[in-house]
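Here are the chains, one letter per residue:
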Amino acid sequence: MTKHPRKRRPPRVALALLLLAVLAAVFIRWDNTALQVTHSDAAFAGLPEGFDGCRIVVLGDLHTAYFGEDNRDLLDAVRAESPDYIFFVGDLLDALHDVPADYAAAAAGGLSAIAPTYYVTGNHEWAIGGVPELKETLTAHGVTVLSNRFVALERGGGTVVLAGIDDPNGYADQKTPEEVAAEVYAACGDPFWILLAHRNNYFPEHYSLLGADLVVSGHGHGGLVRLPFTDGLISVERTLFPSYTAGLYEENGSTLFVTRGLGNTGSTFRLFNRPEVAVVTLHRG
């Protein structure tokens, strides 16, 4: 009688490792695609009374990503927050991803249909090129592009000045942030004003010195990997343990809000750092 060799069963350790690998892959995908809505409150003694309770959705660093078909999930999440304004702080597009021909127009039209939307460039738009054409597209679809200039926002009888600067990757002869700030003061006296500026890491030694009451930025991607007791593990400039990557900060009498952003660039990914739809509510007092 011929004996057949017994079939070897896979070791339990190998099965456990395979299961962990599958679970880790599922978690990382969810962690990079599941939107998270966060809420922050910022109080200012000089805020005009009409802006008390003003809700602002801050978006940034979309990097040509999609959340749902035609970004429907993203638009639904923004709409559900009933914002007074939407601030998009750069890197709508990504230099390392293919950009569909109608991507910017669709995003601009969808957001501006929800609330007045204001946009400044990030470093990736300039790396791709064609920024003048991009600005024309966004403007044609209802977005106000702030290229080293400012506008007045009015709410409840109060006025706030909103300024925006192009990313330093832009034209070499563009207005400096200091020149934009000087124009704000020359035209408006000493107003409550907000500055949209893409790069979070320019805040402590540069943007915080301009006199803006609130600076709104992105670029930091939340430090890519969020760990307890840190402000992120690695910056987009590949330095360890960066700061000013998510939430509210104060420096030199100015307040900064940084969104963790939405997308990824190139081969980077997020960990414990989901794509963020940030809601900032302004308070007087």
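Per chain, residue numbering runs from 1 following the sequence as it is written. Confidence filtering applies because this is a predicted model: local features only for residues at pLDDT of at least 70, side-chain atom pairs given and counted only at 80 or more, and all residues used for totals across whole chains, interfaces and linings. The side-chain values count all of the structure's non-hydrogen atoms but skip hydrogen atoms and water molecules.

A.B. asks: Where do I start with a nonpolar patch on the surface in this structure?
C.D. replies: Patch membership requires more than 30% relative accessible area and the absence of a salt bridge. Residues of like charge join within 9 Å; the nonpolar side chains Val, Leu, Ile, Met, Phe, Trp and Tyr join within 5 Å. Only the protein chains shown count as cover for residues, and the accessible areas themselves come from Shrake-Rupley with a 1.4 Å probe. Whenever a carboxyl oxygen of Asp or Glu lies within 4 Å of a side-chain nitrogen of Lys or Arg, that contact is scored as a salt bridge. Taken together, Val13, Leu17, Leu19, Leu20 and Leu23 make up a surface patch of nonpolar side chains, about 520 Å² in accessible area. Labels follow the DSSP assignment, with helices taken as runs of H or I lasting at least four residues and strands as runs of E lasting at least two, numbered in each case from the N terminus. Checked against the element boundaries, leucine 17 lands in helix α1 (residues 12-33). Classification of leucine 17 as exposed rests on a relative accessible area of 54%. Only protein chains enter the accessibility calculation, which uses a 1.4 Å probe. A residue is then buried if its area is under 20% of the maximum for its type, exposed if over 50%, and partly exposed in between.

A.B. asks: What is the right way to look at the pattern of salt bridges in this model?
C.D. replies: In a structure, side chains of opposite charge can pair up when their charged atoms sit close to one another. As enumerated under the stated definition, the model contains 8 salt bridges in all. Salt-bridge contacts for aspartate 166 lead to lysine 135; the nearest nitrogen and oxygen are separated by 3.0 Å. Residue aspartate 166 is found in the loop between β7 (158-164) and α6 (177-188), and its partner lysine 135 is found in helix α5 (residues 131-140); the two are separated by 31 residues along the sequence. Here aspartate 166 falls in the buried class, since its relative accessible area comes to 8%. Of the residues examined, lysine 135 reaches a relative accessible area of 16% and is grouped as buried. Note that arginine 260 is salt-bridged to glutamate 276, the shortest N-O span being 3.5 Å. Separated by 16 residues along the polypeptide, arginine 260 in the loop between β11 (254-258) and β12 (276-284) and glutamate 276 in strand β12 bring together distant segments of the chain.

A.B. asks: Please explain helix α2 (residues 72-80) as it appears in this structure.
C.D. replies: What sets the pattern is the α-helix's 3.6 residues per turn: residues three or four places apart point alike. Looking at α2, one finds that the buried residues are Leu74, Leu75, Ala77 and Val78. The arc enclosing the buried residues of α2, seen along the axis, measures out at 160°, which places them on a common side. It only takes one pair of heavy atoms within 4.5 Å for two residues to be counted as in contact. Considering only its buried residues, α2 is in contact with β1 (36-44), β2 (55-59), β3 (85-88), α3 (103-112) and β12. Of the residues flanking the end of α2, it is serine 82, one or two places downstream, whose phi is positive at about 45°. Each direction from the helix axis to a C-beta atom contributes to the arc, which is the arc of those directions.

A.B. asks: Teacher, can you tell me more about unusual backbone geometry here?
C.D. replies: A negative phi holds for most residues other than glycine; trans holds for most peptide bonds. Within the chain, asparagine 71 stands out as a residue other than glycine whose phi angle is a positive 60°. By the element assignment, asparagine 71 lies in the loop between β2 and α2. The phi dihedral of phenylalanine 229 falls on the positive side, at around 65°, and the residue is not glycine. Among the secondary structure elements, phenylalanine 229 is positioned in the loop between β9 (214-218) and β10 (247-251). The exposure class assigned to phenylalanine 229 is exposed, which follows from its relative accessible area of 89%.

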